[in-house]
Amino acid sequence: MTATSGKHRFLIFIILGLLAAIGPFSIDMYLPGFDAIAASLHTTVAHIQLSLTSFFIGIASGQIIYGPLLDRFGRKVPLIVGLGIYIAASVGCALTNTADNLILYRFIQALGSCGGMVASRAMVRDFFGPTESAKIFSLLMLIIGISPILAPTVGSFVMAHWDWHGIFIVLAVMATAILLTVIFILPESHGSDPRISLMPKPIVQSYWQVFRNRQFFSYAFAGGLASSGLYAYLAGSPYIMMNLYGLNEKQYGIVFALIASALITASQLNRYLLNTRSSGYVAKIALIVQSSIGVVLAVLSLSGIINLYVMVALIFLFLGSQGFVFPNTSALALAPFSRLAGSASALMGSIQMGCGALSSALVSYLHNQTAVPMTAVMAGCAVLSLFILLAGSPRPADSRPGQNRR
């Protein structure tokens, strides 16, 4: 299905953007309330942080569940069910009186949010086709990129005028509004397909069929590893900026927003580059630039001569490169698939979140009170991403829309 009307396309894009942003918004909105939540539930902040870990586990594993469901029952039914789960879990988070229950509800909330994340990527492929997908992913990156900046601000506003329970009530209300737009406005993009089996063996075979596709493997892992450099930055930057360079919370927020703007701006410039360059070419050049910047950043950190301004400038350029990598690798990874687009979207999302979880965990494990662990992991992710892309060497035909469609 292809969206043709300008108004129709805009409405579809907005809804898909909101669906894609559910996960990131849910991760960041309650961060300002950690201290208040810990005090209210009579526990430690470290214990409350496990609710963030459980969310990451849920969002990484849950996407695999939705892939076959989206291919078998169409996009909307599993999406509506997922949003319902998310709303119920959000209410559970708001009403809980123990930290352990919060951890459990956050896991369930993540499982619900996966429906929106997987469905939005698959529906981009359905509605806009492989030719235009990279441009649409660039637009989605604008919404996804704004979420980490906007969410803590909204969370702080709610905390100032209510308490931490209100954060989850707001998330539930937002998800309810999105659910209504999905039910009454968003058209179905892919009908049910009885040929798709939900038995374990066929599901594994479908994922294996996607996984062994050369183009998918190269671009999904290249994009996932490149994205994991961002997660390494998220894991290491608070300590580096505030403890090593002495920034206060407000100053760190300004730096965070500045660096995030690079990701947003680059993803929008990518749309114009695609008018004259192919997605594969842009992704390769961006990864070469990102790898080079990552190596310089790591070497300067290791030498101990890097200052705050150079650090921020290099990270700005590093994440700016990511704004060109994500939309193009995502579109190219999904391009070969039509019938199995849901499974491909789910597997790609799990790869990205899995790589991100590993990179952030590695930064924490290697923590030595310097910037080296963060910058080294960022550099390693970028270099490995480039290596996989070049080693995969997709043939020129692989990058053309509609090839090897399944």
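Report follows, based on the coordinates. Every value quoted in this text rests on a predicted model; they were computed, and no experiment measured them.

### Quick word on the overall build of the protein chain
Move 1: Across its full length, the protein chain carries 13 helices and zero strands.
Move 2: Mapped from its N terminus to its C terminus, the protein chain presents α and β elements in the order α-α-α-α-α-α-α-α-α-α-α-α-α.
Move 3: For 406 residues, the compact-globule estimate of 2.2 N^0.38 gives 22 Å, and the C-alpha radius of gyration of the protein chain, at 20 Å, lies within 12% of that figure.
Move 4: The dimensions of the protein chain, computed from C-alpha atoms along their principal axes, are 55 × 50 × 40 Å.
Move 5: Classification of the 406 residues of the protein chain by burial places 54% in the buried group.
Move 6: Once local pairs closer than 6 in sequence are excluded, the contacts in the protein chain between residues at least 24 apart make up 85%.
Move 7: Total accessible area on the protein chain stands at roughly 16700 Å², and carbon and sulfur atoms take up 69% of it.
Move 8: Side-chain charges in the protein chain split into 22 positive and 11 negative, and the spacing between the mean points of these groups amounts to 16 Å.

### Here we look at the pattern of salt bridges
Move 1: Summed over all chains, the structure comprises two salt bridges.
Move 2: Among the salt bridges present, the one from D126 reaches R75, with a minimum N-O distance of 2.6 Å. Of this pair, D126 sits in helix α5 (residues 99-161) while R75 is found in the loop between α3 (45-73) and α4 (76-95), placing the two residues 51 residues apart along the sequence.
Move 3: Here D126 falls in the buried class, since its relative accessible area comes to 10%.
Move 4: A single salt-bridge network, built from bridges that share partners, covers D71, R75 and D126.

### Observations concerning the nonpolar core
Move 1: With 88 residues, the main nonpolar core has L16, L19, L186 and F216 as its most contacted residues.
Move 2: Broken down by element, this core gets its largest block of residues, 18 residues, from α5.
Move 3: With near-sequence residues (within four places) excluded, L19 lies in contact with L79, L83, G116, M117, S120, I178, V182 and L186.

### Focus: the packing of helix α10 (residues 279-303) against helix α11 (residues 308-334)
Move 1: Interaxial distance between α10 and α11 falls to 8 Å at its minimum, and their mutual angle equals 150 degrees. Taken together, the axes of α10 and α11 lie roughly antiparallel to each other. Crossing of α10 against α11: the hand is left-handed.
Move 2: The class makeup of the residues in the contact of α10 with α11 is 18 nonpolar, nine polar and no charged.

### Points about a nonpolar patch on the surface
Move 1: Together, F10, L11, L180, I183, F184 and I185 make up an exposed nonpolar region whose accessible area comes to about 600 Å².
Move 2: Of all the secondary structure elements, the ones that give two or more residues to the nonpolar patch are α1 (6-28) and α6 (164-184).
Move 3: Examining the composition of the nonpolar patch, we find that three residues originate from one element, α6, more than from any other.
Move 4: Looking at where I185 falls in the secondary structure, it is placed in the loop between α6 and α7 (200-211).
Move 5: I185 sits in the partly exposed class, given a relative accessible area of 45%.

### Some thoughts on the packing of helix α8 (residues 214-244) against α11
Axes are the key here: two packed helices are described by the angle between their axes and the distance separating the axes.
Move 1: It is at 9 Å that the axes of α8 and α11 come closest, and there the two elements cross at 155 degrees. Our classification of the angle between α8 and α11 gives roughly antiparallel. Crossing of α8 over α11 shows left-handed handedness. Residues Q215, F216, Y219, A220, G223, A226, S227, G229, L230, Y233, I240 and M241 of α8 touch α11, and the partners they reach there are L308, M311, V312, I315, F318, L319, Q322, V325, F326, T329, L332 and A333.

### A short note on the environment of N307
Move 1: With respect to the helices and strands, N307 occurs in the loop between α10 and α11.
Move 2: Here N307 falls in the partly exposed class, since its relative accessible area comes to 37%.
Move 3: Each C-alpha atom, one on N307 and one on I136, is 37 Å from the other, the two residues being 171 residues apart in sequence.
Move 4: A distance of 3.2 Å separates a polar side-chain atom of N307 from the backbone nitrogen of Y309.

### Overview of α3
Move 1: For α3, built from 29 residues, the straight-helix expectation of 42 Å at 1.5 Å per residue is met to within 8% by its first-to-last C-alpha distance of 41 Å.
Move 2: Of all the bends in α3, the greatest measures close to 30 degrees and is centred on G62.
Move 3: For α3, the N-terminal capping position is held by T44, with its side-chain oxygen 3.1 Å away from the main-chain nitrogen of H47.

### Concerning α11
In an α-helix there are 3.6 residues to a turn, and that puts residues three or four apart on one side.
Move 1: The end-to-end C-alpha distance of α11, which contains 27 residues, comes to 39 Å, matching closely the 39 Å that a straight helix rising 1.5 Å per residue would cover.
Move 2: Among the 27 residues that make up α11, 22 are buried, leaving the element largely enclosed by the rest of the structure.

What counts as what
- Residues numbered from 1 in each chain as written.
- Predicted model: local features only at pLDDT ≥ 70, side-chain atom pairs only at ≥ 80, totals over all residues.
- Heavy atoms only, no water.
- Helix = DSSP H or I, 4+ residues; strand = E, 2+ residues; numbered from the N terminus.
- Rg over C-alpha atoms; globule rule 2.2 N^0.38 Å.
- Buried < 20%, exposed > 50% of the residue type's maximum accessible area, 1.4 Å probe, protein only.
- Contact = heavy atoms within 4.5 Å.
- Areas by Shrake-Rupley, 256 points an atom, 1.4 Å probe, with all protein chains shown as cover.
- Lys, Arg positive; Asp, Glu negative; His and termini not counted.
- Charge placed at Lys NZ, Arg CZ, Asp CG, Glu CD.
- Salt bridge = Lys/Arg side-chain N within 4 Å of Asp/Glu carboxyl O.
- Core = buried A, V, L, I, M, F, W, Y, C linked by side-chain atoms within 4.5 Å.
- Axes fitted to C-alpha atoms, helices over the stretch in contact; angles between N-to-C directions.
- Parallel < 35°, antiparallel > 145°, perpendicular 65-115°, else oblique.
- Left-handed = near helix turned anticlockwise from the far one by under 90°.
- Nonpolar A, V, L, I, M, F, W, Y, C, P; charged D, E, K, R; others polar.
- Patch = residues over 30% accessible without salt bridge, like charges linked within 9 Å, V, L, I, M, F, W, Y side chains within 5 Å.
- Polar contact = N/O pair within 3.5 Å; in protein donor to acceptor, adjacent residues only side chain to side chain.
- Expected span 1.5 Å × (residues − 1).
- Bend = angle between axes of the 7 residues up to and from the residue.

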